[in-house]
Amino acid sequence: FVEWYNGHPDAVERDFHLKSTETAVIVGHGNVALDCARMLCATPEQLVGSTDVAAHAAAKLSESGVRQVVLLGRRGVLHAAFTIKELRELSKMAGSELKLVAPADAFNKTVMAAAKADRPRKRLIELMEKMPLVEETPPVPAGAGSDKDICVQFQRVPVGFVGGEDGRISAVTLQKTSLEGAPSAKQQASLIEGSEYNLPCQLALRAVGYRSSPLEGAPFDDKRGIIPSANGGRVEDPSGAPLYVTGWLKRGPSGVILTNVTDAEETAKALLSDKADGKLGGGGGGGGAAVREALSTQGKPVLGFDDWLKIDKVEVERGAAVGKVREKIVVKQEMIRTAGG
């Protein structure tokens, strides 16, 4: 779904049947889940201007019949993975009303006391405490003219999907959970036996994280899904070859874009420092030129930065013509032609 509305060429033809969807369920409580909810509830006016949502997606989203989006998380308010900036922006979104679905004591004294141990977490909990709180998912809002509901629902686990006669999903089977032990970041959730019920929906999206793949010959922590490293991304490779890692393969799937930028800078500094100290050896690597030469033997177009600048210029010009930041080119062959290939 994210690839589709961001204009990934391989996702353009996907169909999410938005016109016939009234309730959408998103499994997950991270920033990606919030972004999916934001797109599903966007008004036609919000899909132009300071946005670069792909034209094919903006058209379908503008015709969407979605009236309610429910985001499911297995634990409590203390364990939400989204950040305060993204939640605040979603809560201020015109045309939508953000509600929390949680037990009446979700913000009790022990929860608030536990939140104080981490300042960003404390601010996030304080923001959520000010939002409308209901104990069960409210009915789907009426049709056109009423605000859409975005329900961030805690202590619910999807345990099954129910199919409809048309071959599409008709409901998600949920089970309630109880939180074990004193409130803390490590607090776990247990399923409550006999608490299953069906939540009707016509679309379900899974936003529960990402797992990196191992690289042949490199060490890999299978449990955490990372290449273990230390000292700025330096990998202790049994072969002794210099190896560096960054991003989610280094830390796991967490953080926002700026987190990854900072992380990449740290790894780059480690690599450059080792090069200056002569730790990378004088081996026969050919650098970027060798990479380009290897790519040229594959008989496929290779676009460099100057080529990308041509694509960028055309996208920005097309966007300006329709009142958007840019209008993305979503067909690979058109990208190549635009770059002059």
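It should be noted that the structure appears before, not after, this text.
Residues numbered from 1 in each chain as written. Predicted model: local features only at pLDDT ≥ 70, side-chain atom pairs only at ≥ 80, totals over all residues. Heavy atoms only, no water.

### Looking at the nonpolar core
Right, on to step 1. Membership of the largest hydrophobic core comes to 51 residues, with the highest contact counts inside it found for Phe1, Ile26, Leu40 and Met128.
Right, on to step 2. With six residues, helix H2 (residues 31–40) is the largest single contributor of residues to this core.
Right, on to step 3. Those residues within four positions of Met128 in sequence are excluded, and the remaining contacts are Val77, Phe82, Leu87, Leu100, Phe107 and Phe154.
Right, on to step 4. Counting residues in each nonpolar core, the second largest holds 10 residues, with Val27, Leu72, Cys151 and Val172 among its members. (Core = buried A, V, L, I, M, F, W, Y, C linked by side-chain atoms within 4.5 Å. Buried < 20%, exposed > 50% of the residue type's maximum accessible area, 1.4 Å probe, protein only. Helix = DSSP H or I, 4+ residues; strand = E, 2+ residues; numbered from the N terminus. Contact = heavy atoms within 4.5 Å.)

### Section: the packing of H2 against helix H4 (residues 84–91)
Right, on to step 1. Remark: H2 packs on H4, axes separated minimally by 10 Å, with the N-to-C direction vectors making an angle of 15°. Between H2 and H4, the angle falls in the class roughly parallel. For the element pair H2 and H4, the recorded crossing hand is left-handed. Facing Asn31, Leu34 and Arg38 of H2, the residues of H4 in contact are Glu86, Leu87 and Leu90.
Right, on to step 2. Across the contact of H2 with H4, the residue classes break down as three nonpolar, one polar and two charged. (Axes fitted to C-alpha atoms, helices over the stretch in contact; angles between N-to-C directions. Parallel < 35°, antiparallel > 145°, perpendicular 65-115°, else oblique. Left-handed = near helix turned anticlockwise from the far one by under 90°. Nonpolar A, V, L, I, M, F, W, Y, C, P; charged D, E, K, R; others polar.)

### Some thoughts on the sheet that holds strand S2 (residues 68–72)
Right, on to step 1. Pairing is parallel in the open sheet, where six strands are placed in the order S4-S3-S5-S2-S1-S10. Taken across any chain shown, the strands that pair with only one partner, and hence form the sheet edges, are strand S4 (133–134) and strand S10 (203–206).
Right, on to step 2. Bridging between strand S3 (residues 96–101) and S4 involves two bridges; their strand directions are parallel. Bridge pairing links Leu100 to Leu133 in S4. (Pairing = 2+ DSSP bridges.)

### Focus on the pairing of S3
Right, on to step 1. The element S3 is extensively covered by neighbouring structure, given that five of its six residues are classed as buried.
Right, on to step 2. Here six bridges tie S3 to strand S5 (residues 148–153), and the two strands are oriented parallel to one another. When the bridges of S5 are listed, Val101 appears paired with Gln153.

### Focus: the environment of Cys41
Right, on to step 1. Within the secondary structure, Cys41 is located in the loop between H2 and helix H3 (55–62).
Right, on to step 2. Judged by its relative accessible area of 0%, Cys41 is buried.
Right, on to step 3. Between the C-alpha atoms of Cys41 and Gly65, which are 24 residues apart in sequence, the distance is 9.5 Å.
Right, on to step 4. Leaving out residues up to four positions away in the same chain, Cys41 has contacts with Gln46, Val69, Met93, Ser96, Lys148 and Ile150.

### Description of H3
Each α-helix turn comprises 3.6 residues. Residues three or four places apart therefore point the same way.
Right, on to step 1. Along H3, the residues that are buried comprise His56, Ala57, Ala58 and Leu61.
Right, on to step 2. Check the buried side of H3 and you find it contacts helix H1 (2–6) and H2.

### Observations concerning unusual backbone geometry
Right, on to step 1. Even without glycine at this site, His17 takes up a positive phi of about 55°.
Right, on to step 2. The residue His17 is located in the loop between H1 and strand S1 (23–27) in this model.
Right, on to step 3. On the basis of relative accessible area, His17 is assigned to the partly exposed category, the value being 36%.
Right, on to step 4. Non-glycine residue Gln155 carries a positive phi angle of around 55°.
Right, on to step 5. Assignment of secondary structure puts Gln155 in the loop between S5 and strand S6 (156–163).

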